Amino acid sequence: MAKIAPSILSADFSRLGSQVKAVSKAGADYIHIDVMDGHFVPNISFGAPVMKCLNDLDTPPYDVHLMISEPGKYFEDFVTDKTGFITFHQEAETHMNSTIQRIKAAGIGAGVAINPATPIWTLDEVMEDVDLILVMSVNPGFGGQKLIPSTLKKVRKLIEIREKNGFDWQIEIDGGVNRDTLPSVIDSGVDILVAGSAVFNAKYPAEEIQYFKELL
Ligand code: DX5
Ligand code: ZN
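Residues numbered from 1 in each chain as written. Chains lettered and ligands numbered in written order. Predicted model: local features only at pLDDT ≥ 70, side-chain atom pairs only at ≥ 80, totals over all residues. Heavy atoms only, no water.

**Q** A description of the overall build of the protein chain should follow, citing residues and the corresponding values.
**A** A tally of helices and strands in the protein chain yields eight helices and eight strands. For the protein chain, whose C-alpha radius of gyration is 16 Å, the value lies close to the compact-globule estimate of 17 Å for 216 residues. Taking all 216 residues of the protein chain together, 56% fall into the buried category. In the protein chain, 63% of the contacts between residues at least 6 apart in sequence involve partners at least 24 apart. Summing over all exposed atoms, the protein chain offers an accessible surface of approximately 9,800 Å²; the carbon and sulfur share of this is 49%. The protein chain carries 19 positive and 29 negative side-chain charges, and their two centres are separated by 5 Å. (Helix = DSSP H or I, 4+ residues; strand = E, 2+ residues; numbered from the N terminus. Rg over C-alpha atoms; globule rule 2.2 N^0.38 Å. Buried < 20%, exposed > 50% of the residue type's maximum accessible area, 1.4 Å probe, protein only. Contact = heavy atoms within 4.5 Å. Areas by Shrake-Rupley, 256 points an atom, 1.4 Å probe, with all protein chains shown as cover. Lys, Arg positive; Asp, Glu negative; His and termini not counted. Charge placed at Lys NZ, Arg CZ, Asp CG, Glu CD.)

**Q** Lay out the coordination of the zinc ion (ligand 2) with the relevant residues and their values.
**A** Taken together, His32 (NE2), Asp34 (OD), His65 (ND1) and Asp174 (OD) make up the full set of protein donors to the zinc ion (ligand 2), lying 2.0 to 2.3 Å away. Taken together, the six donor atoms coordinating the zinc ion (ligand 2) and their angles of 67 to 171° define a geometry best described as octahedral. When the donor residues of the zinc ion (ligand 2) are listed from N- to C-terminus, their spacing reads H-x1-D-x30-H-x108-D. Remark: Asp174 occurs in strand E7 (residues 170-174) and His32 occurs in strand E2 (residues 31-36); sequence separation between them is 142 residues. Take His32: its relative accessible area is 0%, and that puts it in the buried class. (Donors = N, O, S within 2.8 Å, 3.2 Å for Na, K, Ca; no water. Tetrahedral: all angles 85-135°; square planar, octahedral: opposite > 155°, others 65-115°.)

**Q** Pulling in residues and values, what's your account of the packing of aromatic side chains?
**A** Within this structure, the stated rule accounts for four aromatic pairs. With a centroid separation of 6.4 Å and 65° between ring planes, the pair formed by Tyr211 and Phe212 is classed as edge-to-face. Look at Tyr211 and you get partly exposed, because its relative accessible area is 28%. A residue is classified by how much of its surface remains accessible, and Phe212, at 0% relative accessible area, is buried. Positioned above the aromatic ring of Tyr211 is the side chain of Arg179, whose terminal nitrogen or guanidinium carbon lies 3.6 Å from the ring centre. (Phe/Tyr/Trp six-rings, centres within 6.5 Å; stacked < 30°, edge-to-face > 60°. Lys NZ or Arg CZ within 6 Å of the ring centre and 35° of its normal.)

**Q** Pulling in residues and values, what's your account of helix H8 (residues 205-215)?
**A** Listed in full, the buried residues belonging to H8 are Pro205, Glu208, Ile209 and Phe212. Viewed along the axis of H8, the buried residues span an arc of 100°, placing them on a single side of the element. Its buried side turned inward, H8 meets strand E1 (3-6), helix H1 (16-25), helix H6 (182-188), strand E8 (192-195) and helix H7 (197-200). (Arc of directions from axis to C-beta.)

**Q** Give a detailed account of the site of ligand 1, specifying residues and quantitative values.
**A** Around ligand 1 there are 20 residues in total, and Asp34, Gly144, Asp174, Gly196 and Ser197 lie nearest to it. The separation between an oxygen atom of ligand 1 and a polar side-chain atom of His32 is 3.5 Å. Taking Asp34, its side chain carries an N or O atom lying 2.6 Å from an oxygen atom of ligand 1. Its free accessible area being 380 Å², ligand 1 has 100% of it covered by the protein chains. Those elements that place two or more of their residues in the shell around ligand 1 are E2, strand E3 (62-67) and E8. Among the elements that take part in the shell around ligand 1, E2 stands out by supplying three residues, more than any other. (Near = heavy atom within 4 Å. Polar contact = N/O pair within 3.5 Å; in protein donor to acceptor, adjacent residues only side chain to side chain.)

**Q** Now, about the packing of H1 against H8: what can you tell me, with residues and values included?
**A** The axes of two packed helices give the description: the angle between them and the distance between them. It is at 8 Å that the axes of H1 and H8 come closest, and there the two elements cross at 25°. Comparing their axes, H8 and H1 come out roughly parallel. In terms of crossing hand, the pair formed by H1 and H8 is right-handed. Only Pro205, Ala206 and Ile209 of H8 make contact with H1, whose side of the interface consists of Gln19, Ala22 and Val23. The class makeup of the residues in the contact of H1 with H8 is five nonpolar, one polar and no charged. (Axes fitted to C-alpha atoms, helices over the stretch in contact; angles between N-to-C directions. Parallel < 35°, antiparallel > 145°, perpendicular 65-115°, else oblique. Left-handed = near helix turned anticlockwise from the far one by under 90°. Nonpolar A, V, L, I, M, F, W, Y, C, P; charged D, E, K, R; others polar.)

**Q** Residues and numbers for the sheet that holds E1, please.
**A** Taking strand neighbours across the sheet as the criterion, the eight strands line up as E1-E8-E7-E6-E5-E4-E3-E2 in an open arrangement whose pairing is parallel. A single partner strand is all that each edge strand has here, and the edge strands are E1 and E2. Direction aside, the axes of adjacent strands within the sheet are offset by 25° on average. Note: strand E4 (residues 83-89) against strand E5 (residues 109-114), five bridges, orientation parallel. Directly across from Ile86, in E5, lies its bridge partner Ala110. (Pairing = 2+ DSSP bridges.)

Structure, rendered in structure tokens:
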């Protein structure tokens, strides 16, 4: 069964705690933390202090998605007892191997993300080391965009590669997942799906999580 990671990027920040509590209680498997620096992507979101505000709440692990330049310089700020994965972008890191090893040495699952136009082969040399591969299904930077269908082919390709080689990383898809696209996303065989606007722009985010969980 695929897991769901609601992205707080689309949450109402004036009520962040209560919204996160609600989706956690409704069965969210991770809380997806979208960090944007206005440099790697053309938008600025928030940093580690906002994520750490949630530390005392009863939530599932954080799934941190760093859309920032020089992730090796900043990822340590996101290491907490509740951090499950830290994912950085292949396009933003010239020292992928070293950053993966450092994240793992901190006791955190290491993920690498690829943009829609980035081919899978760019990850060939780190496939043995990663815990998660995040396939961007929109161009990163903003919530509420449309899923790019060709990215689902990448998910299927990754599943093939994983089977053939006996790798054990999880595959995550991020962007444009909503009630309309959910069937094709589930059908791709992905392990974790991120949903931001579909969950937090709904009247009752907790109900939206329940709806997703039922279909998964
Ligand atoms: C996009 C972010 C996504 C985004 C998902 O840059 O990485 O996590 O918030 O939002 P929706 O689900 O609205 O596409
Ligand atoms: Zn994300």
